[in-house]
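As a plain string of letters, each chain reads:
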Amino acid sequence: MSIFLNEKYKNLEVYTPGEQPQDMKYIKLNTNESPYPPSPGVVAAINAEQIENLRLYSDPECNKLREAMANLYGVKKENIYLSNGSDDILNFSVMAFCSDNTPAAFPEISYGFYKVFAELHNVTYKTIPLKEDFSIDYKDYMGLNSFIVIANPNAPTGRYLSLEEIEQIIKGNPNNVVLIDEAYIDFGGESVYPLTKRYKNLIVVGTFSKSRSMAGARLGFAIADQDLIDDLNRIKYSTNPYNINRLTLAAGEAAIKEDRYYKENCKRIINTREYTQKNLCDLGFTVVPSKANFIFAKSDKISGQALYENLKKRGILVRHFNMSKINDYNRITIGTVEEMQTFIKTVKEILEEVK
Ligand code: PMP
């Protein structure tokens, strides 16, 4: 830390991203990426012409991609906002919708960035405890007088709230914005974006990083009433109007055209998730029911930390959170069937050794 850093950032606890090791090839089950490549159209879209055009700025309005997405989701272009990864939208939303009078509120165990953004912008926040089984009780979210953020399915638990439960939360907070972070919705959940037509206080946030295999391209989106989208644009046009690069826009447009390819991948991932869950249960693990592309599991035969370390030694990366209440668990991203077979075989070997 330099002596020049603004006081207000000196004690900031920054977000710790999952490991992205460059030293050797791991079976990488630690950051919820897709095991499948982007669709053929995306590969073709990043061509020489696109690369030559990199001398030009990208379209700040992202018109083509917003139109394509509006068609796919059955909303208007004005209801869509695009960003450099959905993290950007979470950040901008805290800037836009929190204030001295409006704190943030989110589940006690959830995506770590919510807290970081609140602290970055000096916003106070409440964390709402989960139930014993890690589920969220929507009744805990009534009349909070806060900007509410809920990941649905939640991370790192994979637990899911139904559309009806989310609707209760939206109705229960008519004077505040409710942001539903649907990073993992395509793996078996039902998106609540259709509710944006009826509720002016709802923002639904999605990403191309998971189900659409484009984590490295950085592309996130929000669907909401036009007024909320305009608010996000105020922040965007006060920071970085060209926040999505040309190659990512081209890739995104191609991905939307091949929606079926991604839906098929999601089905495969869901099947592999069921396979992994069953096999872990057979090995005595407790597995939290998941509607995401990961599962959250613990064993009473080995600590979460020891399992993480043993897997890493054998070339498999999972995510361990050294935090109270979830210390015993690991979050395991669902890879290909072959990767998960290797994972299960390796877990068996590790359990044999610690017997
Ligand atoms: N929300 C949740 C719940 C996540 O787990 C992630 C991925 N780390 C994100 C948002 C951010 O995704 P991205 O910025 O890649 O769109």
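Scroll up for the structure.
For clarity, every value in this text was computed on a predicted model and none was experimentally measured.

Novice: So what exactly am I meant to see when it comes to the site of the ligand here?
Specialist: Lining the immediate environment of the ligand, one finds Gly85, Ser86, Asp87, Tyr111, Asp181, Ala183, Tyr184, Thr207, Ser209, Lys210 and Arg218. The separation between a nitrogen atom of the ligand and a polar side-chain atom of Tyr111 is 3.2 Å. One nitrogen or oxygen atom from the side chain of Arg218 is found 2.7 Å from an oxygen atom belonging to the ligand. Calculation on the ligand without its partners gives an accessible area of 400 Å², and the protein chains cover 91% of this total.

Novice: Would you take a moment to explain the sheet that holds strand β3 (residues 104-107) for this structure?
Specialist: If you walk across this open sheet you meet the 7 strands as β2-β8-β7-β6-β5-β3-β4, and the pairing is mixed. Only two strands of the sheet have a single partner each, and these edge strands are β2 (80-83) and β4 (125-128). For this sheet, the mean angle separating the axes of adjacent strands, direction not counted, is 20°. For strand β6 (residues 178-181) and strand β7 (residues 202-207), the ladder comprises 4 bridges, and the chain directions are parallel. The residue of β7 that forms the bridge with Ile180 is Val204. Packed on one face of the sheet, helix α4 (residues 86-97) meets β2, β5 (147-151), β6, β7 and β8 (220-224) and runs near 155° to β7. On the sheet, helix α6 (residues 163-171) packs against β5, β6 and β7 and is oriented at approximately 155° with respect to β6.

Novice: Just to check I follow, could you spell out the side chain of Asn173 for this structure?
Specialist: Assignment of secondary structure puts Asn173 in the loop between α6 and β6. Discounting residues that sit within four places of it in the chain, Asn173 has contacts with Tyr141, Met142, Gly143, Leu144, Asn145, Ile148, Val178 and Asn201.

Novice: Would you mind going over the sheet that holds strand β9 (residues 286-288) with me for this structure?
Specialist: Neighbouring strands of a sheet are bound in pairs by backbone hydrogen bonds; such pairs are parallel or else antiparallel. On the basis of which strands lie adjacent, the open sheet formed by 3 strands has the order β9-β10-β12 and antiparallel pairing. The strands lining the two open edges of the sheet, one partner per strand, are β9 and β12 (329-333). For this sheet, the mean inter-axis angle between neighbouring strands, taken without regard to orientation, is 30°. Sheet strands touched by helix α9 (residues 259-282): β9, β10 (294-298) and β12. Its angle to β10, the strand with the most contacts, is close to 5°.

Novice: Explain the pattern of salt bridges here, please?
Specialist: It is possible for side chains of opposite charge to pair when their charged atoms get near one another. Taken as a whole and assessed by the stated rule, the structure comprises 18 salt bridges. Measuring nitrogen to oxygen at the nearest pair gives 2.5 Å for the salt bridge that ties Lys312 to Glu19. Of this pair, Lys312 sits in helix α10 (residues 304-313) while Glu19 is found in the segment before β1 (27-28), placing the two residues 293 residues apart along the sequence. Among the salt bridges present, the one from Asp259 reaches Lys263, with a minimum N-O distance of 2.6 Å. Of the two residues, Asp259 and Lys263 are both situated in helix α9; the distance of 4 residues between them amounts to about one turn of the helix. Bridged by salt links that share partners, the residues Arg212, Asp259 and Lys263 form one connected network.

Novice: It is not clear to me how helix α8 (residues 246-257) should be interpreted in this structure. Could you clarify?
Specialist: Residue pairs three or four apart in sequence face the same way in an α-helix, which turns once every 3.6 residues. When the terminal C-alpha atoms of α8 are compared, their 17 Å separation across 12 residues agrees well with the 16 Å that a helix rising 1.5 Å per residue should span. Taken across its 12 residues, α8 has 9 buried, putting it largely inside the fold. Three or more residues of α8 are buried, namely Thr248, Leu249, Ala250, Ala251, Gly252, Glu253, Ala254, Ala255 and Ile256. Against the buried residues of α8 lie α1 (40-45), α2 (48-52), α3 (63-73) and α9. You can read the cap of α8 off the contacts: a side-chain oxygen lies 2.9 Å from the backbone nitrogen of Leu247, and it is on Asn245.

Novice: What am I meant to see in α6 here?
Specialist: When we look at burial in α6, the residues that qualify are Leu163, Ile166, Glu167, Ile169 and Ile170. An end-on view of α6 places all buried positions within 160° of arc, on one side of the element. Buried residues belonging to α6 abut β5, β6 and β7.

Novice: What is the right way to read the pairing of β5 from this model?
Specialist: The side chains of a regular strand alternate between the sheet's two faces. Burial runs high along β5: 5 of the 5 residues are buried. Every second residue of β5 is oriented toward a common face, with Phe147, Val149 and Ala151 on one face and Ile148 and Ile150 on the other, all of them buried. Note that β3 and β5 share 2 bridges and pair parallel. If you follow Ala104 over to β5, its bridge partner there is Phe147. In this sheet, β6 lies alongside β5 in parallel orientation, the contact comprising 4 bridges. Its bridge partner lying in β6, Ile150 is registered against Ile180. Viewed along the sheet, the connection from β5 through α6 into β6 turns out right-handed.

About the criteria used
Residues numbered from 1 in each chain as written. Predicted model: local features only at pLDDT ≥ 70, side-chain atom pairs only at ≥ 80, totals over all residues. Heavy atoms only, no water. Near = heavy atom within 4 Å. Polar contact = N/O pair within 3.5 Å; in protein donor to acceptor, adjacent residues only side chain to side chain. Areas by Shrake-Rupley, 256 points an atom, 1.4 Å probe, with all protein chains shown as cover. Pairing = 2+ DSSP bridges. Helix = DSSP H or I, 4+ residues; strand = E, 2+ residues; numbered from the N terminus. Axes fitted to C-alpha atoms, helices over the stretch in contact; angles between N-to-C directions. Contact = heavy atoms within 4.5 Å. Salt bridge = Lys/Arg side-chain N within 4 Å of Asp/Glu carboxyl O. Expected span 1.5 Å × (residues − 1). Buried < 20%, exposed > 50% of the residue type's maximum accessible area, 1.4 Å probe, protein only. Arc of directions from axis to C-beta. Right-handed = clockwise from strand over helix to strand, strands pointing away.

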